[in-house]
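For reference, the chains in residue letters:
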Amino acid sequence: MATDCQLRSDPGPVGSFCGSQARSFSFGFFSLFSVCRCTGEPIINDMCGILGIVKNRSDGPVQLTDREITRMRDLMQERGPDDATLERNGNVVFAHRRLAIRDQAAGRQPLYSPDGRYLLVYNGEIYNDSRLRKELRREGFSFRGNCDTEVLAAAWQRWRQDCIPMLRGMFAFAVHDGKTDELWLVRDRFGIKPLFYTKVGKEWVFASSIASIVEHPGLVKRPELEAIRHYLSTFRLTLDTKTVYEDVLTVRPAEQVHIANGQVTRASYWSAPAPEEKTDLCFEEAVEQLEATLRESIQLRLNSDVPVGMMLSGGVDSNSLAFLMREETSSGFHATCGVGKSSQFGSADAPFARDCAQANGLEFDQVEVDSEGYLQDWEKLIRHYGTPVSTPSDVIINQIAHRLKRYVGVALGGEGADEACCGYEIPHWSGADFDLWTNSTNLDRTQSETARKSLLSQYGGHEVETPGDFYLACNGLIPRGIQSRFFRPEHWSAADRNRGVEKYYDRLFHDLPEMPNVEKSAHVLLKTNLESLLARLDSATMQASLESRVPFTDHLLVEQLFRLPLSYRIDISPQEKTPWLSSFELSSRGSLRPKRMIHAMAGRLMPERFAQRKKSSFSTPVPTWLNDDWKETVDQRIGTSPFLGEYFEPEALSFLKHLPQHLSVWKWPIANLAMWGDAQFG
């Protein structure tokens, strides 16, 4: 029995194939944009693309020519169309493409610290830069303008890496110490801004875009098969530090990478807290606190000298942002909704988005993408990214971002709400399935047998022995056993590496503090799923030179939520008589209550039809197109791909032509690999 298999946009839990039951597929994106213009003290930011090449001073200067470095830098032109710079200083070259909001001169990069010791190149926005500026002025620092880049350079001079936990915002930056010849690479807590690096000969190379790194003339490109196996399982393009290119690594969220004398040290500077053993806040007080912190988070992200847009689907998360944002502004909004156009598929979100827009006095229009236009843009994004596309929503996000760019410079989005507030019913409850599987001592014999039968119905046919196994069985796309028959035997050992994907998720659970696995699942989803969604959002919007901001990822808000009892965010309905059933069966019975606090908060802000609407995100008819409009094109592309032919069994690729409709989504990552692999390794 299969549920509706249309591709929807909520989580990176891409779906489940548990036993014979196929789950729906989800990809987080909110489809309607609302525009406002806000005033107040400006937060001047630098949304951009950064690039650097660093050698040990003893190894001499960087040998690449300015022309070669400029070519690498300018592959990120869309990330920064307003300015382009390059700073060469012996063994260090930093380059920058800038999307400037204001203060073009004071914010130019790369930028030296006031004492000239540190060279900084930076992508992001620090929302508390006014407070840091005041503190630094008391320390004797002065500033030429209002750009947060100056604040970051001064903060690093004053506190070095101790300044990182002080930053509230989204950022990826590199700092070189001209005195000690050390390099730091730093990324924000959730991975809102991307940062990649590798070593080519004696040179360390970093950039905002993988496409820029692999353009280095000395780099030999090779696919990283273990990361590719992970992509087939989850649609995620990274596995821990690995990317889909061998030896091209990602700086992980909340990580600082220190490089000195050829040695690399990685350290995490933040993690979500464990629930406090006892809280003084009742549920209603916790909801009030959530509303207050979310209001503050939105206020910070509305500060801009250009119009600010908003992504809105008509679901409760984006509805909450819309109503709170409208309260903070004095002018109207312009709203744009995006849909995938198909005669066999209609967007359920558009009417609800239109209703929300009308309730807030917004102007409303709609962008439609048909199958032919989507297919062209799909391949175009793969060329621009230098990687496969992570989810089917990328293309439509990018199309809407291009439309929005006509009216706004910034767009708010609801990414992070599901991870922070437990919005994925089955994935968030899958840890409870594992606890039930391994320990049913509190149940009598009849209850235990019922629980076992329910769990076998959901997970039967999967190797489920650890929390990581349960997580992947619940959230995975193509199961490991199927993948083992897809890869050629000589490549499967590299792709599997002794169950490396499963062991990675096992480590994530193992390294968390002692707590029930249902609570650990929330931490793992926050750590892995959110990074994937934010990377997708950043790539798709920055390709249109549009800055995206995500209020639900404010780290103070996330800390506040994760200290509360999990039951404040998700629990089982008190009316459920058999709470020992599997997550899928509980969800099917309507007995799981996700995002309790958001629904309660929304009930205080807006009419019930907006506050209580079920989870909703952008819908795309990709499965329909894979079986109909694109079938011949995609089947031919998969069957004739030299890259796929080298790494996958021909019989397995031929098998994809005959998949039933509810499994047609398996073609999505395979087709992506064909387009990407043929372009990069052909």
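As a reminder, the structure under discussion sits directly above these lines.
Nothing here was measured: the structure is a model prediction, and the numbers come from that model. (Residues numbered from 1 in each chain as written. Predicted model: local features only at pLDDT ≥ 70, side-chain atom pairs only at ≥ 80, totals over all residues. Heavy atoms only, no water.)

Undergrad: Any details on the packing of aromatic side chains? Residues and values, ideally.
TA: Enumeration according to the criterion identifies 28 aromatic pairs in this entry. With centroids separated by 6.4 Å and ring planes inclined at 70°, the aromatic side chains of Y374 and W378 adopt a geometry described as edge-to-face. A residue pair is termed a helical-turn pair when its members lie 3 or 4 positions apart in one helix, as Y374 and W378 do in helix α9 (residues 371-385) at four residues. Across the pair, exposure class does not vary: Y374 and W378 are buried alike. (Phe/Tyr/Trp six-rings, centres within 6.5 Å; stacked < 30°, edge-to-face > 60°. Helix = DSSP H or I, 4+ residues; strand = E, 2+ residues; numbered from the N terminus. Buried < 20%, exposed > 50% of the residue type's maximum accessible area, 1.4 Å probe, protein only.)

Undergrad: Outline the state of the cysteines, listing residues and values.
TA: Going through the model one piece at a time under the given rule, you end up with zero disulfides. Unpaired in terms of disulfides, C147 finds its nearest cysteine sulfur in C48, a separation of 9.5 Å. (Disulfide = S-S within 2.5 Å.)

Undergrad: Now, about the pairing of strand β8 (residues 92-100): what can you tell me, with residues and values included?
TA: For β8, a buried count of nine out of nine residues is recorded, marking the element as mostly surrounded by other parts of the structure. Judged by which residues are buried, β8 turns out to be covered on both faces: V92, F94, H96, R98 and A100 on one side and V93, A95, R97 and L99 on the other are all buried. Two strands pair when backbone bridges link them, and strand β7 (residues 83-89) and β8 are joined in this way by seven bridges, in the antiparallel orientation. By the bridge assignment for β8, E87 is matched with F94. Counted along the chain from β7 to the antiparallel partner β8, the turn is two residues long, and its residue G90 has a positive phi close to 65°. (Pairing = 2+ DSSP bridges.)

Undergrad: Please provide a residue-by-residue account of helix α1 (residues 66-74), values included.
TA: All of the buried residues along α1 are I69, M72 and R73. Down the axis of α1, the sector holding all buried residues measures 100°, keeping them to one side. Exposed residues on α1 whose side chains face more than 90 degrees from its buried face are R67 and R71. (Arc of directions from axis to C-beta.)

Undergrad: Run through the nonpolar core, naming residues and quoting values.
TA: As a rule of thumb, nonpolar side chains are buried together in soluble globular proteins. Counting 164 residues, the largest nonpolar core has F173, Y374, W378 and W668 as the members making the most contacts within it. Here this core takes eight residues from helix α6 (residues 283-302), the largest share from any one element. Excluding anything up to four places from it in sequence, W668 contacts Y231, F235, Y374, W378, V389, S390, T391, P392, V622 and L626. (Core = buried A, V, L, I, M, F, W, Y, C linked by side-chain atoms within 4.5 Å. Contact = heavy atoms within 4.5 Å.)

Undergrad: Residue-level account of the pattern of salt bridges, with values.
TA: Under the counting rule described, the total for this entry stands at 49 salt bridges. For E135, the salt bridge goes to R131, with nearest N and O atoms at 3.5 Å. Taken as a pair, E135 and R131 lie in helix α2 (residues 129-138) at a separation of four residues, close to a single helical turn. Among the ionic contacts, a cluster of salt bridges with common partners joins E288, E291, R295, E327, E328 and R604. (Salt bridge = Lys/Arg side-chain N within 4 Å of Asp/Glu carboxyl O.)

Undergrad: Describe the side chain of E224, and please don't skip the residues or the numbers.
TA: Among the secondary structure elements, E224 is positioned in the loop between α4 (210-213) and α5 (225-234). Given a relative accessible area of 5%, E224 falls into the buried group.

Undergrad: Please give an account of the environment of Y505 that cites residues and values.
TA: Of note, Y505 is situated in helix α17 (residues 500-510). Sequence-wise, Y505 and L239 are 266 residues apart; in three dimensions their C-alpha atoms are separated by 9.8 Å.

Undergrad: Explain the packing of helix α14 (residues 467-475) against α17 to me, and be specific about the residues and the numbers.
TA: Between α14 and α17, whose axes approach to 7 Å, the crossing angle comes to 115°. Note that α14 runs across α17; the crossing there is right-handed. The residues of α17 that touch α14, namely those facing P467, G468, D469, Y471 and L472, are V501, E502, Y505, D506 and F509. Across the contact of α14 with α17, the residue classes tally to six nonpolar, one polar and three charged. (Axes fitted to C-alpha atoms, helices over the stretch in contact; angles between N-to-C directions. Left-handed = near helix turned anticlockwise from the far one by under 90°. Nonpolar A, V, L, I, M, F, W, Y, C, P; charged D, E, K, R; others polar.)

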